[in-house]
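# A look at the structure
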Amino acid sequence: MSGQGTGSGAVRTGGCACGQLTFEARGEPKRVGLCHCMTCRKISGSAFNAYVIYPADRVAISGERRGWSDTPATERFSCVVCGSPVFDRDAADEVELLLGAFDAPNLFAPTYECWTRRRETWLELHDLRSFPENREA
Ligand SMILES: [Zn+2]
Ligand SMILES: [Zn+2]
């Protein structure tokens, strides 16, 4: 696979649809998961969001962004030009990059899903740890 190393030095890039807001993530993510909550549905306009969570100090972000919060704990950032959602912050030491914002498919596979109470019944997902609401430790 091009652009994907095997060591901790792997660098993966991504960004919004217009290319104004971009990121670079170094190394391997802490976890990869799906969220079916109503806010993820609404903000993406899709049935769920997929997140790739990195330590904050492994992610470099550049470009103009607009933040929006529905709860004090979470801020969601999108491109000021094209409006694409690109990443969330809900803990000081983590960045939640949207899986679909990466520049290549098949870099990551999710291992868990949250808010399955809101999951579409036609979705068939296999081998994921499921949480009816927020992820538990
Ligand atoms: Zn953009
Ligand atoms: Zn969600």
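The notes below deal with the structure included here. (Residues numbered from 1 in each chain as written. Chains lettered and ligands numbered in written order. Predicted model: local features only at pLDDT ≥ 70, side-chain atom pairs only at ≥ 80, totals over all residues.)

## Details of the pairing of strand S7 (residues 74-79)
Quick reminder of the rule: Here the rule is simple: two strands pair whenever DSSP picks up at least two bridges between them. Under the scheme used here, helices are H or I runs from DSSP no shorter than 4 residues and strands are E runs no shorter than 2 residues, and both carry numbers assigned from the N terminus.
Here 5 bridges tie strand S6 (residues 65-71) to S7, and the two strands are oriented antiparallel to one another. The residue of S7 that forms the bridge with arginine 65 is cysteine 79. The antiparallel pairing of S6 with S7 creates a hairpin that spans 2 residues between the two strands. Across 4 bridges, the pairing between S7 and strand S8 (residues 85-91) is antiparallel. Its bridge partner being in S8, serine 78 is matched across the sheet by proline 85. Here S7 hands over to S8 after 5 residues, with glycine 83 in that stretch at a positive phi of 85 degrees.

## Re the sheet that holds strand S5 (residues 59-62)
Put simply, the rule reads: Throughout, an axis means a line fitted to C-alpha atoms (over the contacting stretch in the case of helices), and angles, computed between N-to-C directions, take values from 0 to 180 degrees.
With antiparallel pairing, the 3 strands of this open sheet are ordered in space as S1-S2-S5. Since the sheet does not close on itself, it has two edges, and those belong to strand S1 (11-15) and S5, each with one partner. In this sheet, neighbouring strand axes are inclined to one another by 15 degrees on average, regardless of whether the strands run parallel or antiparallel. Across 4 bridges, the pairing between strand S2 (residues 22-26) and S5 is antiparallel. Within S5, the position partnered with glutamate 24 by the bridge is alanine 60.

## A word on the sheet that holds strand S3 (residues 31-35)
Strand pairing in a sheet relies on backbone hydrogen bonds. The paired strands run either parallel or antiparallel. The strand order across the open sheet built from 8 strands is S6-S7-S8-S9-S4-S3-S10-S11, with neighbouring strands paired in mixed fashion. Every other strand in the sheet has two partners, leaving S6 and strand S11 (129-130) as the edge strands with one partner each. Pairing between strand S10 (residues 112-114) and S11: 2 bridges, direction parallel. Looking at S11, one finds that glutamate 113 is bridged to serine 130.

Distances and angles like these do not, on their own, reveal function.
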